[in-house]
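# Working through the structure, step by step
One letter stands for each residue in the lines below.
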Amino acid sequence: MTDASMENPGTGRRATSLTASDERTLKRAKAEKRFRLYGIIAIATGLFFLVVLFASILKEGIPAFTRTVVSVEFTLTEPQRAEAESTLFKTKAYSDLFITELNGKLAESGISVDFDEAAIERLLGKVGGTIRTFYSENPDQVGEPINFELAASSRVDGYFKGRVSRDTLQDSRFLQLSDLDLVDALTEAGVIKQVFNWPFITGADSGVDNPGGAGIGASVVGSFFMMLVVLALSLPIGVAASIYLEEFAPQNKFTDLIEVNISNLAAVPSIVFGILGLAVFIQFMHLPQSAPLVGGLVLTLMTLPTIIISTRASLKAVPPSIRDAALGVGASKMQAVFHHVLPLAAPGILTGTIIGLAQALGETAPLLLIGMVGFVARGYPDGFLAGFTEPNSVMPAQIYTWAARADVGFYEKAWGGIIILLMFLLTMNIIAIILRRRFERRW
Amino acid sequence: MPILWLFLIVLAIAAGGYFLGRSRALQSAGGDSRSLHSLPSFYGANVFLKTIVPAFGLLILWLLVQPIYVNTQISGMIPETAIKEGSSRSLVLAEVRRAASGLDNAVEQGLITEDIAQNARADFTDMTQRLKDAGQVVTSNITQPILRAAQSYRVLNSTGRSAMTIAVLLAAVAGAAISLWQTNKVFRARNVVEQGVQVLLLAAASIAILTTVGIVLSLVFNTWEFFKLYPASDFFFGTTWSPSFSGRGGSSELGIIPLLWGTFYISLVALLVAVPIGLFAAIYLSEYASPRVRAFAKPLLEVLAGIPTIVYGLFALLTVGPLLLGVFGDEGLGWMKAGTAVVTAGLVMGIMLIPFVSSLSDDIINAVPQAMRDGSYGLGATQSETIRQVVLPAALPGIVGAILLAASRAIGETMIVVLGAGAAARLSLNPFEAMTTVTAKIVSQLTGDADFASPEALVAFALGMTLFILTLGLNVFALYIVRKYREQYE
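None of these values were measured; they are calculated from a predicted model. (Residues numbered from 1 in each chain as written. Chains lettered and ligands numbered in written order. Predicted model: local features only at pLDDT ≥ 70, side-chain atom pairs only at ≥ 80, totals over all residues. Heavy atoms only, no water.)

### Thoughts on the overall build of chain A
- Looking only at helices and strands, one finds 19 helices and three strands in chain A.
- Taken against the 2.2 N^0.38 rule, which gives 22 Å for 443 residues, the C-alpha radius of gyration of chain A at 33 Å runs more than 25% over that of a compact globule.
- Seen through its C-alpha atoms, chain A measures out along the principal axes to roughly 115 × 80 × 40 Å.
- Taken across its 443 residues, chain A has 48% of its residues classed as buried.
- Counted over contacts in chain A with a minimum sequence separation of 6, partners at least 24 positions apart contribute 77%. (Helix = DSSP H or I, 4+ residues; strand = E, 2+ residues; numbered from the N terminus. Rg over C-alpha atoms; globule rule 2.2 N^0.38 Å. Buried < 20%, exposed > 50% of the residue type's maximum accessible area, 1.4 Å probe, protein only. Contact = heavy atoms within 4.5 Å.)

Structure (structure tokens):
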């Protein structure tokens, strides 16, 4: 061993120093640094995508929560009403009254701008009709000062939110360049303002040509009913299946078959569940299309594997000593499970169920197939039972419907809908985390 | 409404039976629960179960069977001559159902009386108009056989409903009576109840099998129907996808190859994004990161997996598409024509898949025994050399499994491609062109008022079958690899 080094002193290895690294070590150290950097870049990229995603959701979605209204205080006297009702074009008479009022408002602020009735109609839609309907429904309000908040058309709304600008606007029957002068003048007079968009949160979907009036409220209700179905079916079935598999199932072929099926179903693409729903629930059983009940059934089948897997994990986490103690004092196996194991596993089961429900709430693809998209949810269901069987939309399907429409005004609604959907998901996940933190037991 | 009432009534009978059974058992023991075989509540539960299980079982069975029975009856009533050229029996049946629900609506709104609805031959001529007045969409003029079929459809349905109500209530009462009659102090209530509960638990667990059977049956049955109308070889080897919506049959070309190509191309782009990022992120998180960085970055990355796919779809359509168009479009490099393209969908899908690859790989890398790393360090290897030459080769099968799982997820993903990839089916190598996938075409062939008998709608089931087999195969293969790898170290 020493002979070799004695014969060729210094030729086998280069002169090294403890203070200065040689070339190869430097190279290796560099490679080490580079490799580390790749990892940092990968994580930074992932987080960057996350930030971009949320930034664009917020940037595009927040405008959906404000809307542009023209607010005019308006007093209609009884003679004025009688006169308007006596003319041939009643709504025109009302709209003339409105324009006079508006002119007065502008004159008060010392602004003069020319406009005609057509411009008002482009800005606000049929004003006369709205006012007339209000007074015919509330005849006692005649003579009282009423503050009308009339929704501006979606293009005027877009002008305030930067979607429409003077440079890009082309004169059309929807909006003309000259109208924007009027809009500016009205803004200066404080007549046009931005207010919080309650109709977006509480309202129902509108037709394809009215993005301004579209709201997500009806589909939130649809989602609620669908989630009720999913909860009512998937929690008991999932827990029962898990208890069987974890506590009672004998080791045999049939049990293996169930286990293989559950793990495969967890990986089946969601759209295949949609095909199942279409073929079995709609084609074969003739359940109503677009109904939250059918959506709930499909999503139940989809979330069952998730719930079963998490429930089994929390049942498994309960130590065997609990079962042994219960059996030791004379409980039957069934009593040991239902009186002792299940209550101890309950927080974990609930957490898993909430996460499964959150997943189901955001699922879209299977719902497209059972007709949740072709349907325009124009109103709320008539009652509790009708909520399950009447056609309705649900949040993700509504968002898809808006995204698929041609009018750009709907995109803003779709983003706004996403904010609402994500808020629901966030709440559910936070509840799950709190449950886990507070009740989780380590044995 | 009646079904809910029926449900509540059966529940009420069962609840009453519980208390009756309990008190009857106590009575038979002379009020001394010690001389009973089981706890008193088990006698109650016995009555409860025996009331509810047969009644609800019958209810569900009846609800399943009745529509099928009624449909076959009605179908037999329609003569061959009533089916028009180019129409089919299922279309006529749909028309019958529409007419029947139109009659229901009309009666409800008071437009016609129940008598007229059941026997409308007298003033048959204006029936179509009356149904339209009742707000029912009726496609064509209702013919005599359709109207007659619709009338007997209503009659069959309503008699079926009343028969069901009676049968279910009888089953509930009979169950309660029999089990009450059984109840005495030597009856082994606990054993019976526990056995019953165990059977119910088994039934719940079997729903997983039922679901799979349902999926397979609905796919196979409809795919079979499709291949009867359209040759299988043209479907599997055709290179053109152009369904016609106007005419029925004949003019459509339904080749799956362009769709499969689009699916694989988009999935490939997605994996090219997700695998390097996810893998390096997993390596950094498991080998280099301090616990604080890990506790911060890992959950944040996993947020990406919890976001619904519709959000990614919208992100692709409205943010990423226009952004890419700005760079590669006519104003930039001129490669891209529209915002929806393979790269758009692939990139966004890649973002969605990052956490799948990273969490799974992270688990697998952590499972590599520390002794292997220590051995490598002991030989003087740097940390990165250890990772590249020891840890990754050891973890490779698991990582391949993770990538395969991600690939199966990419193939089955729907919303991102529906919104972000465009609708044109084409065979092209250019990633800046719009292409479409199997999932997107399933959606477009089955949404709207499709007629399930046409090859254009049935093809979706054949596509679904292909998708199901592909993803199932990938999953089974991935799980096999992962499981085989696990055996090495545990």
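### Some points on the environment of Lys185(B)
Residue and element names in this part refer to chain B.
- Structurally, Lys185 is set in the loop between helix H6 (144-182) and helix H7 (189-229).
- Separated by 158 residues in the primary sequence, Lys185 and Gln27 place their C-alpha atoms 8.6 Å from one another.
- Ignoring anything within four residues of it in the chain, the contact list for Lys185 reads Ser28, Ala29, Ser35, Leu36, His37 and Tyr43.

### Section: the domain arrangement of chain A
- Taken as a whole, chain A is organised into domain 1 (68-196) and domain 2 (217-439).
- The straight-line distance from the C-alpha centre of domain 1 of chain A to that of domain 2 of chain A is 48 Å. (Domains from an automatic or database assignment.)

### Points about the interface of chain B and chain A
- Across the contact, 82 residues belong to chain B and 73 residues belong to chain A.
- Carbon and sulfur atoms make up 80% of the area that chain B and chain A hide from each other, which totals about 6,900 Å².
- Where chain B meets chain A, there are nine residue pairs in polar contact (both at pLDDT 80 or more).
- It is H7(B) that provides the largest number of residues to the side of chain B that touches chain A, a total of 19 residues.
- Across the side of chain B that touches chain A, the residue classes tally to 56 nonpolar, 21 polar and five charged. (Buried area = accessible area lost by both parts, 1.4 Å probe. Polar contact = N/O pair within 3.5 Å; in protein donor to acceptor, adjacent residues only side chain to side chain. Nonpolar A, V, L, I, M, F, W, Y, C, P; charged D, E, K, R; others polar.)

### A short note on the nonpolar core
- Residues Phe273(A), Tyr312(B), Ile442(B) and Leu463(B) are the most contacted members of the largest nonpolar core, which totals 192 residues.
- Residue contacts for Phe273(A): discarding those within four places in its chain leaves Leu265(A), Val268(A), Val298(A), Leu301(A), Met302(A), Pro366(A), Thr211(B) and Ile215(B).
- Counting residues in each nonpolar core, the second largest holds 38 residues, with Phe74(A), Ile111(A), Tyr159(A) and Ala185(A) among its members. (Core = buried A, V, L, I, M, F, W, Y, C linked by side-chain atoms within 4.5 Å.)

### Here we look at helix H15 (residues 333-361) of chain A
- With 29 residues, H15(A) extends just 36 Å between its outermost C-alpha atoms, more than 12% less than the 42 Å of an ideal straight helix rising 1.5 Å per residue.
- Most pronounced at Ala346(A), the bend in H15(A) amounts to some 50°, and the proline Pro347(A) follows within four residues. (Expected span 1.5 Å × (residues − 1). Bend = angle between axes of the 7 residues up to and from the residue.)

### A few points about the sheet that holds strand S2 (residues 145-151) of chain A
Residues and elements named next belong to chain A.
- Ordered by their spatial adjacency, three strands build an open sheet running S2-S1-S3, and the pairing between neighbours is antiparallel. In this open sheet, the two edge strands, each paired with only one partner strand, are S2 and strand S3 (192-196). Sheet twist, expressed as the mean angle between neighbouring strand axes with direction ignored, is 45°.
- Summarising the sheet, strand S1 (residues 66-75) and S3 pair through five bridges and their orientation is antiparallel. Bridge assignment links Arg67 to a residue of S3, and that residue is Val195.
- Contacting S1 and S2, helix H6 (residues 127-137) runs over the sheet at an angle of about 135° to S2. (Pairing = 2+ DSSP bridges. Axes fitted to C-alpha atoms, helices over the stretch in contact; angles between N-to-C directions.)

### Comments concerning the packing of aromatic side chains
Residues and elements named next belong to chain A.
- As enumerated under the stated definition, the model contains 21 aromatic pairs over all chains in all.
- For the ring pair Phe65 and Phe200, a centre distance of 5.5 Å and an interplane angle of 90° mean the geometry is edge-to-face. In this pair, Phe65 is assigned in the loop between helix H2 (23-61) and S1 and Phe200 in helix H9 (residues 198-202), connecting sequence segments 135 residues apart. Across the pair, Phe200 and Phe65 agree in class, each one buried.
- Here a set of aromatic residues connected by ring pairs shows up, and it is made of Phe65, Phe196, Trp198, Phe200 and Trp402.
- Directly above the aromatic system of Phe410 lies the positively charged group of Arg405, at a separation of 4.7 Å from the ring centroid. (Phe/Tyr/Trp six-rings, centres within 6.5 Å; stacked < 30°, edge-to-face > 60°. Lys NZ or Arg CZ within 6 Å of the ring centre and 35° of its normal.)

### Examining the packing of helix H12 (residues 270-284) of chain A against helix H13 (residues 292-317) of chain A
All names here are of chain A.
- Taken N-terminus to C-terminus, the directions of H12 and H13 make an angle of 130°; their axes are 9 Å apart at the nearest point. As judged from the angle between their axes, H12 and H13 are oblique. Where H12 crosses over H13, the handedness of that crossing is right-handed. From H12, Ser270, Phe273, Gly274, Leu276, Gly277, Phe281 and Ile282 reach across to H13, where they touch Val294, Leu297, Val298, Leu301 and Met302. (Parallel < 35°, antiparallel > 145°, perpendicular 65-115°, else oblique. Left-handed = near helix turned anticlockwise from the far one by under 90°.)

### Some points on the pattern of salt bridges
- One pass over the full model with this rule turns up 13 salt bridges over all chains.
- Of the charged contacts, one joins Lys59(A) and Glu60(A) as a salt bridge, the two residues approaching to 3.3 Å between their closest N and O atoms.
- Overall, Lys59(A) belongs to the exposed group, its relative accessible area being 62%.
- We note a salt bridge from Arg426(B) to Glu433(B), for which the minimum N-O separation is 3.0 Å.
- Note on Glu433(B): relative accessible area 26%, which makes it partly exposed.
- Through salt bridges that share partners, Arg294(B), Lys298(B), Glu302(B) and Asp362(B) make up one connected network. (Salt bridge = Lys/Arg side-chain N within 4 Å of Asp/Glu carboxyl O.)

### What to know about the environment of Ala82(A)
- Tracing the chain through its elements places Ala82(A) in helix H3 (residues 78-86).
- Here the alpha-carbon distance between Ala82(A) and Pro139(A), two residues 57 residues apart in the chain, equals 12 Å.

### With respect to the UniProt feature "transmembrane region" (unreviewed entry) in chain A
All names here are of chain A.
- UniProt records the feature "transmembrane region" (unreviewed entry) at residues 37-58, 224-245, 265-287, 293-315, 336-358 and 414-435, using the numbering of this structure.
- Segment residues 293-315 splits into 100% helix and 0% strand. End C-alpha atoms: 30 Å apart.
- Helix makes up 100% of residues 414-435 and strand 0%, whereas the separation of the span's terminal C-alpha atoms amounts to 32 Å. (UniProt positions renumbered as here; feature names shortened; annotations may be inferred.)

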